[in-house]
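Analysis of the macromolecular model
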Amino acid sequence: MEYRIPLIAGNWKMYKTCNEAVDAASRLVKLVSDIDGVDIMIAPPFTSLAVVSEVIRDSRIDLGAQNIFWEKEGAFTGEISPPMLISSGCQYVIIGHSERRQYFGETDETVNKRIKAASTSGLIPILCVGETETQRDDKKTFSVLDKQVKKGLESLILDEHHSIVIAYEPVWAIGTGKTATQDQVQEVHSFLRDMLENNFGNMIAKATRILYGGSVKPDNVSELMALPDVDGALVGGASLQPESFSKIIHF
Ligand code: PGA
């Protein structure tokens, strides 16, 4: 049977000090205590992972990081390794977010190294892909996505113990209040599922969750979640307030 548990993931980006993160996570725990059948993840900044992990320990909420380095340890000032994330309580890690690609020199090659390191260490990578507005206008959306997914997942092994999540985030929709239309989203998500099938086979394609991200809000989440190939959302701005994030989780 084809069934994918929806995943609603909050990317807190560079927001919230430790105290603010603990406060927001504690409020969220209470707000989602009734939730069943939806996976929830929050990704605070690295500095708050360990404290937030304590707050959400007995809740339905999982923890994610916003980036990862591919070596286990070493002289790599400022980097964070897979074992460090696991020991801080993470189950997920966001990789290749467009802000990393745009401002911090992330490439498909470095994305691929991070994905493989995360996966082999037991974390679930969330691979972010998406076209810019110019690329969409130039009708390059599908070739851009094809390259990002193929290179990002190159030589990755997926099976029942190693899964990934893909997040389609059109760059022009992130933090802009512009959401892609339902047709645009479904078209891309079914393209991505076909790519998964061609590269990893039917079982993996059916089991892999594909999230939409880009200005997801309480008032547009249900129409997005109604699309057949949308299995969840990656939420930035609207995940910062526990009340609005809880409304999205209760889509
Ligand atoms: P947004 O961000 O919801 O604020 O548009 C989404 C993201 O960057 O993951």
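Quick note: structure is the one above.
Everything in this summary refers to the structure shown in the same document. (Residues numbered from 1 in each chain as written. Predicted model: local features only at pLDDT ≥ 70, side-chain atom pairs only at ≥ 80, totals over all residues. Heavy atoms only, no water.)

Let us look at the pattern of salt bridges. Applying the stated criterion to the full structure yields 16 salt bridges. Close ionic contact of Arg 60 with Asp 36 constitutes a salt bridge, the shortest N to O distance being 3.7 Å. Of this pair, Arg 60 sits in the loop between helix H2 (49-55) and strand S3 (61-65) while Asp 36 is found in the loop between helix H1 (18-31) and strand S2 (39-43), placing the two residues 24 residues apart along the sequence. Given the relative accessible area of 67%, Asp 36 is considered exposed. A salt bridge links Lys 151 to Glu 109; the nearest nitrogen and oxygen atoms lie 3.4 Å apart. Taken together, the positions of Lys 151 in helix H7 (residues 141-152) and Glu 109 in helix H5 (residues 108-120) put the pair 42 residues apart, joining distant regions of the chain. A relative accessible area of 47% means that Glu 109 is categorised as partly exposed. Here the salt bridges do not stand alone but share partners, grouping Arg 4, Arg 193, Asp 229 and Asp 231 into one network. (Salt bridge = Lys/Arg side-chain N within 4 Å of Asp/Glu carboxyl O. Helix = DSSP H or I, 4+ residues; strand = E, 2+ residues; numbered from the N terminus. Buried < 20%, exposed > 50% of the residue type's maximum accessible area, 1.4 Å probe, protein only.)

Further remarks concern the sheet that holds S3. An order of S1-S2-S3-S4-S5-S6-S7-S8 is seen for the 8 strands of this closed barrel, with the pairing classed as parallel. With direction set aside, neighbouring strand axes in the sheet form an average angle of 25°. Where strand S7 (residues 209-213) lies against strand S8 (residues 232-235), 2 bridges are found, and the strand directions are parallel. For Tyr 212, the partnering residue across the bridge sits in S8 and is Ala 233. (Pairing = 2+ DSSP bridges. Axes fitted to C-alpha atoms, helices over the stretch in contact; angles between N-to-C directions.)

It is worth spelling out the nonpolar core at this point. Ranked by size, the top nonpolar core spans 61 residues in total, and within it Ile 8, Ile 42, Leu 153, Tyr 212 and Ile 249 carry the most contacts. Ranked by residues supplied to this core, first place goes to helix H8 (residues 182-200) with 5 residues. If sequence neighbours within four positions are ignored, Ile 42 has contacts with Gly 10, Trp 12, Ala 25, Leu 28, Val 52, Ile 56, Ile 61, Asp 62, Leu 63, Gly 64 and Phe 245. Counting 12 residues, the second largest nonpolar core, distinct from the first, contains Leu 7, Ala 43, Ile 126 and Leu 211. (Core = buried A, V, L, I, M, F, W, Y, C linked by side-chain atoms within 4.5 Å. Contact = heavy atoms within 4.5 Å.)

What follows concerns H7. The end-to-end C-alpha separation of H7 is 16 Å, in line with the 16 Å expected for 12 residues at 1.5 Å each. At its buried positions, H7 is contacted by helix H4 (98-103), H5, strand S5 (124-129), helix H6 (133-137), strand S6 (165-168) and H8. (Expected span 1.5 Å × (residues − 1).)

As a further point, take the site of the ligand. Residues in contact with the ligand amount to 13 residues; listed here are only the nearest, Lys 13, His 97, Glu 169, Gly 175 and Ser 215. Bound to the protein, the ligand loses 97% of the 280 Å² it would expose on its own. Residue composition of the shell around the ligand, by class: 4 nonpolar, 7 polar and 2 charged. (Near = heavy atom within 4 Å. Areas by Shrake-Rupley, 256 points an atom, 1.4 Å probe, with all protein chains shown as cover. Nonpolar A, V, L, I, M, F, W, Y, C, P; charged D, E, K, R; others polar.)

Here the phi dihedral of Lys 13 falls at roughly 50°; this positive angle occurs in a residue that is not glycine. With respect to the helices, strands and loops of the structure, Lys 13 is situated in the loop between strand S1 (7-11) and H1. We note that Ser 155 has phi near 50°; this positive angle belongs to a residue other than glycine. Among the residues examined, Ser 155 registers a relative accessible area of 56% and is labelled exposed.

Within the element layout of this structure, Asp 108 appears in helix H5. Classification of Asp 108 as buried rests on a relative accessible area of 8%. In this structure the side chain of Asp 108 is engaged in a polar contact, spanning 3.3 Å, whose partner is the side chain of Lys 147. Dropping the residues within four chain positions of it, Asp 108 is found in contact with Arg 101, Lys 147, Gln 148, Lys 151 and Gly 152. (Polar contact = N/O pair within 3.5 Å; in protein donor to acceptor, adjacent residues only side chain to side chain.)

The topology assignment puts Asp 229 in the loop between helix H10 (221-225) and S8. Excluding residues within four positions of it along the chain, Asp 229 makes contact with Arg 4, Gln 186, His 189, Ser 190, Arg 193 and Ile 210.

Burial analysis of helix H11 (residues 242-249) places 6 of its 8 residues in the buried class, which makes it a mostly covered element. Taken together, the buried positions of H11 are Pro 242, Ser 244, Phe 245, Ser 246, Ile 248 and Ile 249. At its buried positions, H11 is contacted by S1, H1, S2, H10 and S8.

Geometric values such as these leave the question of function open.
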